[in-house]
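Letter by letter, the chains look like this.
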Amino acid sequence: MSAYRKSYRKGMIRVAIAYPSNSRVALQSLSIHIIRRLLNEHSNVYSDFVFMSDDGKSTTKSLRDFDIVIFSVHYELDYPRILKMMGISGINPYSSQRTVDDPLIVMGGPTLMANPEPMAPFADIVLIGDAEMLIPALINYYPDYGKNVEEYANLTGFYVPSLGKHDVTKAFVRDLSYSIKLIHDTAIELSLGNVKSIFSNPAILEVMRGCPRGCLFCMEGFVGRPVRFADINSIKGLVLRDLGKGEGLVNGVSLIGLSVTDHPGFKELMSFLVDELGLNVSVPSLRVDSLDRDIIRLIARGGQRVLTIAPESSERLRRALGKGFSDDDIVRVAMDAVSVGIDHLKLYFMVGLPGEGDDDVKSVINLLSRLKRLGIKYSLSVNPWIPKPHTPLQWLPMANDEIINDRIKELKNAQTYMEFSTYNILDAKVQALLSLGDRDIGNLIFEASLTGLDRGSWRRLLRKYEDLLNKYVYSWKSLNGELPWSHIRIPGADEENLKSLMLKYVNEVNISLPA
């Protein structure tokens, strides 16, 4: 990975790319490598990774040795680990108690873009938007602004919590041509350096950003807006360039995007990769209503033997959530997949959805039993619905433990699957609180950082802060009040539009709004 090697010279801006986990986990995150590549395009920047040790008691380098520390965050339960890393390096986690001798603490990632407030007491800057826009801006303005954080607030996508809540609009790239090359080249470089990836193929091609579907529970779909499609010819050019270098540089491709089959050129691209070039191609979870027989055949010819789909719930709730396909459609896709050699399905469902009743669970079991009778082999993942910011369901409360446990148990006991998995309910509650909370949950996050972050510690903290759990997770949010994240503007996901979609949903599933 020669592009990463840059010696420090006096006067360079020293930037740590910090990830709140051990190196084995952190290095599989494509985002930190992309950030480093962006930083290395600046000749005046020296960057390095900083991770936690396996036991969580030390870091690979001291964060105090850097001018800027960038935390890449993708999971709410990592928030306390960020504070733990700062504490290990002797940096006060609370921004109000830091001085100019401390590094500039910058945080970013999809969860903080959706709601930065839980980490607002700790961050100097939270980046709202695409890294390709924001990282260069941070470096370009740092020589002038330094650690005078209020100066950055005038930049698009820069949220400065110490100034109080102020409106910030997401910064985003309009043309993905540079972005797809950045991601692809980073992934290829990692494969040459034998860095293990979460993706099955060395070449990663970003097909799109955002999602045109607007499923009511999907935070990634809304905060990823506006929807942008990559140019098919640009993608083809990248692949042909690397194939021309020979030596098996590209022997397989992973397509990434929230709903890749919605790309108007998806079939053309798949035919090019599979039929013309003979490459293996892996695709992520796919929409049932976008899968016709031609697409399924292309996926199978690309070497994929597992098809991942997310029916989510019963046909009734699925339709209300924005997934208009029927149980018959699911069966059709499953049968078509088996007929072309795809021998296993992964099915994802949620329980505890607003308006869910016993009949919805029975309907899901009927569908699963029907697939089993047809000889379809599948693994089943059943997970609690977690309300998320910037989604139409953000105003609605999460179901209680008893309801979620009963639903999961009922689906598990049906014994229709090859394998079964679920997301821990305690983790789901914590995730919901860290997703939906305001600055007043900062003390909870800080106290969590002083523990071993085991489930026993979280249970004790949730008992202590039960009022916050009830306030943010188990309550209806006022339709006329400000939400903790109302000042974060996502183009194409304005609050009034989300509100109208929520009202349509509660009407369809017969939920009575509180007076």
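Above this text you will find the structure in question.
Rules behind the numbers
Residues numbered from 1 in each chain as written. Predicted model: local features only at pLDDT ≥ 70, side-chain atom pairs only at ≥ 80, totals over all residues. Heavy atoms only, no water. Core = buried A, V, L, I, M, F, W, Y, C linked by side-chain atoms within 4.5 Å. Buried < 20%, exposed > 50% of the residue type's maximum accessible area, 1.4 Å probe, protein only. Helix = DSSP H or I, 4+ residues; strand = E, 2+ residues; numbered from the N terminus. Pairing = 2+ DSSP bridges. Contact = heavy atoms within 4.5 Å. Axes fitted to C-alpha atoms, helices over the stretch in contact; angles between N-to-C directions. Salt bridge = Lys/Arg side-chain N within 4 Å of Asp/Glu carboxyl O. Parallel < 35°, antiparallel > 145°, perpendicular 65-115°, else oblique. Left-handed = near helix turned anticlockwise from the far one by under 90°. Patch = residues over 30% accessible without salt bridge, like charges linked within 9 Å, V, L, I, M, F, W, Y side chains within 5 Å. Areas by Shrake-Rupley, 256 points an atom, 1.4 Å probe, with all protein chains shown as cover.

Student: Looking at this model, I keep getting lost on the nonpolar core. Mind explaining?
Tutor: Within soluble globular proteins, side chains that are nonpolar generally end up buried alongside one another. Leu-63, Phe-71, Leu-255, Leu-307 and Tyr-505 are the most contacted members of the largest nonpolar core, which has 140 residues in total. The element contributing the most residues to this core is helix H15 (residues 425-436), with eight residues. Of all hydrophobic cores here, the second largest spans 39 residues; its members include Leu-30, Leu-127, Tyr-145 and Leu-182.

Student: What is the right way to look at the sheet that holds strand E6 (residues 158-159) in this model?
Tutor: One key point about sheets: their strands pair by backbone hydrogen bonds, in either a parallel or an antiparallel sense. Spatially, six strands are ordered E2-E1-E3-E4-E5-E6 in an open sheet, and the strand pairing comes out mixed. Among the strands making up the open sheet, the edge pair consists of strand E2 (45-52) and E6. As defined by bridge partners, strand E3 (residues 68-72) adjoins strand E4 (residues 104-108) across five bridges and the pair is classed as parallel. What sits directly across from Ile-68, in E4, is Leu-104. Docked against the sheet, helix H2 (residues 30-40) engages strand E1 (13-22), E2 and E3, running at close to 160° with respect to E2. Relative to E2, helix H3 (residues 79-88) is tilted by about 110°, and along the sheet it contacts E1, E2, E3 and E4.

Student: So what exactly am I meant to see when it comes to the pattern of salt bridges here?
Tutor: Oppositely charged side chains can form a pair if their charged atoms are brought close together. Summed over the entire model, instances satisfying the criterion amount to 41 salt bridges. The partner of Arg-64 in a salt bridge is Asp-102, and the shortest N-O contact between them spans 2.7 Å. Here the residue Arg-64 occupies a position in the loop between E2 and E3, and Asp-102 occupies one in the loop between H3 and E4, the gap between them amounting to 38 residues. Counted as one network, the salt bridges with shared partners bring together Asp-130, Glu-132, Glu-206, Arg-209 and Arg-228.

Student: Whenever I open this one, unusual backbone geometry confuses me. Can you help?
Tutor: Trans peptide bonds make up the majority, and among non-glycine residues the majority have a negative phi. A cis amide bond links Arg-225 to the next residue, Pro-226, at an omega of 0°. Tracing the backbone through its elements, the reader meets Pro-226 in the loop between helix H7 (219-223) and strand E10 (228-229). For Asn-510, which is not a glycine, the phi torsion comes out positive at approximately 60°. Here Asn-510 lies in the segment after helix H19 (495-508). By relative accessible area, which is 66% here, Asn-510 ends up exposed.

Student: Would you mind going over the packing of helix H13 (residues 358-373) against helix H14 (residues 401-413) with me for this structure?
Tutor: A pair of packed helices is captured by two measures, namely the crossing angle of their axes and the spacing between those axes. Taken N-terminus to C-terminus, the directions of H13 and H14 make an angle of 25°; their axes are 10 Å apart at the nearest point. Classified by the angle between their axes, H13 and H14 sit roughly parallel to one another. Here the hand of the crossing between H13 and H14 comes out right-handed. Along the contact surface, H13 presents Asp-358, Val-361, Lys-362, Val-364, Ile-365 and Leu-368, while H14 presents Arg-407, Glu-410 and Leu-411.

Student: Looking at this structure, how should I read the sheet that holds strand E12 (residues 280-282)?
Tutor: The strand order across the open sheet formed by three strands is E8-E11-E12, and the pairing between neighbours is parallel. With partners counted over all chains shown, the strands left at the sheet margins are strand E8 (203-206) and E12, one partner each. The average undirected angle you get between the axes of adjacent strands in this sheet is 25°. One ladder, built from four bridges, connects E8 with strand E11 (residues 252-256); its direction is parallel.

Student: Which parts of the structure should I look at to understand the pairing of E2?
Tutor: Moving residue by residue along a regular strand, the side chains alternate between the two faces of the sheet. Among the eight residues that make up E2, seven are buried, leaving the element largely enclosed by the rest of the structure. Sheet topology places E1 next to E2; eight bridges connect them, and they run parallel. Bridging from a neighbouring strand, Arg-14 pairs with Tyr-46 of E2.

Student: Just checking my understanding: could you explain a nonpolar patch on the surface for this structure?
Tutor: Side chains of Trp-476, Leu-503 and Leu-513 sit close together on the surface and give an oily, nonpolar patch of about 230 Å² of accessible area. Following the sequence through the fold, Leu-503 ends up in helix H19. Taking relative accessible area as the criterion, Leu-503 reaches 35% and is therefore assigned partly exposed.

That is the geometry; function is a separate question.
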